[in-house]
Amino acid sequence: AAVPAGVLALLLGTLLWAPWQALHGAPLVELSGDQDFQLFLHKNLEFTRKIKGDVAALQHVVCDIFQLCKEEELLLVRQDLGIVQVPLEQCHSRTFQAEACFSQIHDGLRAYHGSLAAVLELLPGHASLVETLQLDAANLSSNIQQQMEDLGLATVTYPTEGPGPLPTFSSSFHHQVGGFFILANFQRFLETAYRALRHLARL
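Keep in mind the model is a prediction, meaning the values are calculated, not measured.

## Points about unusual backbone geometry
Alright, step 1. Of note in this structure, Q67 is not a glycine but carries a positive phi near 55°.
Alright, step 2. Relative to the helices and strands, Q67 is located in the loop between α3 (35–66) and α4 (75–81).
Alright, step 3. Q67 sits in the exposed class, given a relative accessible area of 56%.

Below, the structure written as structure tokens:
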């Protein structure tokens, strides 16, 4: 979708370093009137909500099958596994920068797409749901990449602190706990991404 040159100039000149409160200024107020951008936001808010629901369904499966339901009971095991939360600090209220936030959501979705392979191995009886989740994560990542290109926004690359190669689990129990935390972390990631998209949609 074509975006007026003045809007792009404002975005590139201001949005990169704008804190959350500054998003109520001219750049995104003008952009908020762009129907294609609003359509993107509302469509992908619904898509993110759908993905969150699928992650929650898999969390219930892990709880039912392995009796792994509460994070606080597994924190010591998590330290041994080295599973970390994919960063989304650019999407938090005090440091919000839309271009950087979109980049982190895009990169994080790609990371979780890979991490879900461990969940797929853990839950072969629910392969169709895990594979759907992987496909949806890839599609949402592509949607964000396309929207950034449409807006003329550059992708900001951050050092990868999230999951790279899949962890090697020393036991089936560690694999179960690893799958539990991959899903729990992905759910938190999606909640932050959802709040960021919802904030932009309300401007």
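Right, picking up where we left off after that structure.
## Quick look at the state of the cysteines
Alright, step 1. Per the stated rule, a full pass over the model turns up two disulfides.
Alright, step 2. What pairs with C63 in a disulfide is C69, and their sulfur atoms sit 1.9 Å apart. Its S-S torsion of approximately 90° makes the covalent link between C63 and C69 right-handed.
Alright, step 3. According to the relative accessible area criterion, C63 is partly exposed, its value standing at 23%.

## With respect to the packing of α3 against helix α7 (residues 172–202)
Alright, step 1. In the contact formed by α3 and α7, the axes pass within 9 Å of each other and the chain directions differ by 160°. With respect to each other, α3 and α7 are oriented roughly antiparallel. Viewed along their axes, α3 and α7 form a crossing whose handedness is left-handed.
Alright, step 2. Considering only residue class, the contact of α3 with α7 consists of 17 nonpolar, seven polar and four charged.

Definitions and cut-offs
- Residues numbered from 1 in each chain as written.
- Predicted model: local features only at pLDDT ≥ 70, side-chain atom pairs only at ≥ 80, totals over all residues.
- Heavy atoms only, no water.
- Helix = DSSP H or I, 4+ residues; strand = E, 2+ residues; numbered from the N terminus.
- Buried < 20%, exposed > 50% of the residue type's maximum accessible area, 1.4 Å probe, protein only.
- Disulfide = S-S within 2.5 Å.
- Axes fitted to C-alpha atoms, helices over the stretch in contact; angles between N-to-C directions.
- Parallel < 35°, antiparallel > 145°, perpendicular 65-115°, else oblique.
- Left-handed = near helix turned anticlockwise from the far one by under 90°.
- Nonpolar A, V, L, I, M, F, W, Y, C, P; charged D, E, K, R; others polar.

By themselves these figures say nothing about function.
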